[in-house]
Amino acid sequence: MITDAQFADLNQDGWLDLVLLGDWMGILTYINKQGTLEPQLLPGLENSRGNWNSLRIADLNGDGYPEVLAGNMGQNNFFEPGMRLYIADFDQNGYLDQITAFKRGEKYYPILDKDELIAQLPSVKKRVLYYKDYAQMSMQDLFAAEVLQKALVYEVDRLATTVFLNQAGSFTPLELPQETQYTSIYSLRETDVNQDGILDIVLGGNQYKIKPQFGRQDASKGGVILGEIVEGEYRLNQFEHLNVEGQIRAIAPLKTTNKKGLIFARNNQPIIYFENE
């Protein structure tokens, strides 16, 4: 499921390229060949599969090549690199089912508890009589090989919200500070907050629609990460909280007659305005 997209000239050839990201997928790039978009996996984006929510493309270090800023689901949740999502008609009733699974060793184990799995797939009940047995059963134990072979399988490599630094068409991942990874990030905006001539990053997120046993993601109140150039390299170090409650879904600049600022849009809550001083 595509969650965000943006056009930008990634290779500085004068033609706008396309970047896509989304759930259970890598960051996809389509290079513009004089009016025709062609899929091309750029170096450094090979292992970028994640649960991405938001995207911004901006030249953060001023070298002419734009960076890719990607908001992910963060590292403060039950997800972990290597997890899988299986999609198949497991009980052969004509409807697709989804099962998320942890990787342990070389096997994958569903995150659903026994009652949830049986409620979704009653046909499994005969094979899973006791909780102690279910605790040891992998996807391969629960379902026939031919069913798993036909399944759509998605994986995640990266959970951290990340800036991919563009070095003349080759990307290097730069994970944002730990405070950024406390929750899922749904909005990013580059701006020079402290007026030092170097772009900073403003961000926000949270997600409340999560099952109670996994815990809703509400550990962020928005934040600013100050950028700096050290020995010619762009870095993100200092994080400052903004104390914005709620589920932030959009951050945008707003300019009045003689002032500039940012507005924060939140689900089911009033918009908040921050003014540059």
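The structure under discussion appears in the preceding block.
The present account deals with the structure reproduced in this document. Model, not experiment: these values are computed from the prediction.

Re the environment of G204
Reasoning step 1: Looking at the secondary structure, you find G204 in strand β14 (residues 200-205).
Reasoning step 2: Spatially, the C-alpha atom of G204 lies 17 Å from that of N237, the residues being 33 residues apart in sequence.
Reasoning step 3: Beyond its immediate chain neighbours, meaning those up to four positions away, G204 contacts I185, Y186, S187, G222, I248 and I251.

Focus: the pattern of salt bridges
Reasoning step 1: As enumerated under the stated definition, the model contains nine salt bridges in all.
Reasoning step 2: Notably, a salt bridge pairs R158 with E175, separated by 3.5 Å at the nearest N-O pair. Taken together, the residues R158 in the loop between β10 (152-155) and β11 (162-167) and E175 in strand β12 (residues 170-175) connect sequence positions 17 residues apart.
Reasoning step 3: The class of R158 is buried, set by a relative accessible area of 17%.
Reasoning step 4: Using a relative accessible area of 43% as the deciding quantity, one classes E175 as partly exposed.

Describing the nonpolar core
Reasoning step 1: In this structure, Y86, F90, L117, M139, L142 and F143 are the most contacted members of the largest nonpolar core, which totals 19 residues.
Reasoning step 2: Where this core is concerned, the elements lending two or more residues are β7 (84-88), β8 (97-104), α3 (139-142) and α4 (145-150).
Reasoning step 3: Leave out the neighbours within four places in its chain, and L142 touches P110, L117, V124, R127, V128, Y134 and M137.

So, the sheet that holds strand β18 (residues 260-266)
Reasoning step 1: Taken in spatial order, the three strands of this open sheet run β17-β18-β19, and their pairing is antiparallel. Strand pairing shows two members of the sheet lacking a second neighbour, β17 (248-255) and β19 (269-275), which therefore form its edges. Direction aside, the axes of adjacent strands within the sheet are offset by 20 degrees on average.
Reasoning step 2: Inspection of the sheet shows β18 paired to β19 by five bridges, in the antiparallel sense. Bridge pairing in β19 links G261 to E275.

Overview of the packing of aromatic side chains
Reasoning step 1: Tallied over the full model, the rule gives seven aromatic pairs.
Reasoning step 2: Pairing W52 with F164 gives two aromatic rings, centres 6.2 Å apart and planes at 65 degrees, and the pair type is edge-to-face. Of this pair, W52 sits in the loop between β4 (37-39) and β5 (54-58) while F164 sits in strand β11, and the two are 112 residues apart along the sequence. Like F164, W52 is buried.
Reasoning step 3: Here F264 and F274 contribute two aromatic rings whose centre-to-centre distance is 5.3 Å and whose plane-to-plane angle is 65 degrees, an arrangement assigned as edge-to-face. Placement of the pair is F264 in strand β18 and F274 in strand β19, with a sequence separation of 10 residues.
Reasoning step 4: Under the relative-accessibility criterion, F264 is labelled buried at 1%.
Reasoning step 5: The rings of W24, F78, F79 and F214 are connected pair by pair, giving a single aromatic cluster.
Reasoning step 6: Here the basic side chain of K114 rests over the ring of Y131, its NZ or CZ set 4.6 Å away from the ring centre.

Basis of the calculations
Residues numbered from 1 in each chain as written. Predicted model: local features only at pLDDT ≥ 70, side-chain atom pairs only at ≥ 80, totals over all residues. Heavy atoms only, no water. Helix = DSSP H or I, 4+ residues; strand = E, 2+ residues; numbered from the N terminus. Contact = heavy atoms within 4.5 Å. Salt bridge = Lys/Arg side-chain N within 4 Å of Asp/Glu carboxyl O. Buried < 20%, exposed > 50% of the residue type's maximum accessible area, 1.4 Å probe, protein only. Core = buried A, V, L, I, M, F, W, Y, C linked by side-chain atoms within 4.5 Å. Pairing = 2+ DSSP bridges. Axes fitted to C-alpha atoms, helices over the stretch in contact; angles between N-to-C directions. Phe/Tyr/Trp six-rings, centres within 6.5 Å; stacked < 30°, edge-to-face > 60°. Lys NZ or Arg CZ within 6 Å of the ring centre and 35° of its normal.

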